[in-house]
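One letter stands for each residue in the lines below.
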Amino acid sequence: MSLSLSSKADIAVIDSGVGGLSVLAELRQVLPHSSIIYYADSANCPYGDKSREEIESLTMDVVKRVVAMGATIVVVACNTMTAVAIEKLRKRWSDIDFVGMEPAVKPALLSSKTGVVGVLATTATFGGELYQHTKDEYIEGKKVVEVAGKGLVEFVESGRHSTKECEELLAEYIKKMLVMGADKIVLGCTHYPFLTNQIERVIAKYEKCKGGELGVEIINPAGAVSRRVVQIVQKRGLLIDLPYMGEIYYFSSGTDKQREFVAQFLNNNL
Ligand code: DGL
């Protein structure tokens, strides 16, 4: 894959940091020939505990930048940005297609056998109207265990997500869901798919204690988001069928070290 610091592409993927790369990875599977801009607002990460006003204004700034680079489809690969700002973005840039993240609480509630679903997300995401409405619509007779994953984004952003400390913190969060009987765990933040192996280990340990498999499923909505992007790309007549891979143009608002980290993360995960 070639990396470059300046160029134009129709599709941009944005996030507060490296989390959106979990969405970019899915997108690359379905649109391998499209060039894509990736923008990480590393200088301001994490967003999750900031005020709504601050999240909104930071998101607007990021979108301004990628639109100036030529993006016409913006994938808001951050549940927090989506929860707070997506409606405003659509109003402000009516000629741009925005695809946001939505915690997969609907499919989780519809498919849960125990009737208990765990959602791991940021505080700002839980406060989002779309999330609340979706939950209210499908929750009847069921239960949602909401856990704010405080500290997890910081572990991923510093490349320390495979440490014992991170796994211990994660175990604390995931066990809160498992003890309540959750059989679906929704990843409501795009940084969390990078913690999937650790979450699986926590589940396996819990199952061992309980004496057998509990059929717990981890749900990542990135696949559904990618399929939506493909529909828009087709609608705009931008589907590319060339014998080579598209470029990834990555940007970070942070320090040189953070920019290097984004590049490294990109190379290791895509
Ligand atoms: N990737 C962002 C999300 O999906 C992380 C939020 C943050 O920066 O705290 O919510």
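Keep in mind the model is a prediction, meaning the values are calculated, not measured.

A. Quick peek at the confidence of the model for the protein. Averaged over every residue, the pLDDT of the protein is 93; residues scoring 70 or more account for 97%. Note on residues 1–6: pLDDT under 50 across the span, and 19 contacts to partners over four residues away in sequence or across chains.

B. Molecular detail of the site of the ligand. In the vicinity of the ligand lie 14 residues, with Ser16, Tyr47, Gly48, Thr80 and Thr190 positioned nearest. A distance of 2.8 Å is found between an oxygen atom of the ligand and a backbone nitrogen or oxygen belonging to Gly48. Contact distances for the ligand include 2.8 Å between an oxygen atom and a backbone N or O atom of Asn79. Compared with its free state, where it exposes 300 Å², the ligand has 99% of that area covered by protein. Considering only residue class, the shell around the ligand consists of 6 nonpolar, 7 polar and 1 charged.

C. The arrangement of the sheet that holds strand S7 (residues 143–148) in detail. Taken in spatial order, the 4 strands make up an open sheet running S7-S6-S8-S9, and their pairing is parallel. Looking at which strands have only one partner, the edges of the open sheet turn out to be S7 and strand S9 (217–219). The mean angle between the axes of side-by-side strands here comes to 20°, regardless of whether they run parallel or antiparallel. Each of strand S8 (184–188) and S9 touches helix H9 (residues 196–210); the most contacted strand, S9, lies at about 155° to it.

Rules used in this analysis
Residues numbered from 1 in each chain as written. Predicted model: local features only at pLDDT ≥ 70, side-chain atom pairs only at ≥ 80, totals over all residues. Heavy atoms only, no water. pLDDT = per-residue confidence, 0-100. Contact = heavy atoms within 4.5 Å. Near = heavy atom within 4 Å. Polar contact = N/O pair within 3.5 Å; in protein donor to acceptor, adjacent residues only side chain to side chain. Areas by Shrake-Rupley, 256 points an atom, 1.4 Å probe, with all protein chains shown as cover. Nonpolar A, V, L, I, M, F, W, Y, C, P; charged D, E, K, R; others polar. Pairing = 2+ DSSP bridges. Helix = DSSP H or I, 4+ residues; strand = E, 2+ residues; numbered from the N terminus. Axes fitted to C-alpha atoms, helices over the stretch in contact; angles between N-to-C directions.

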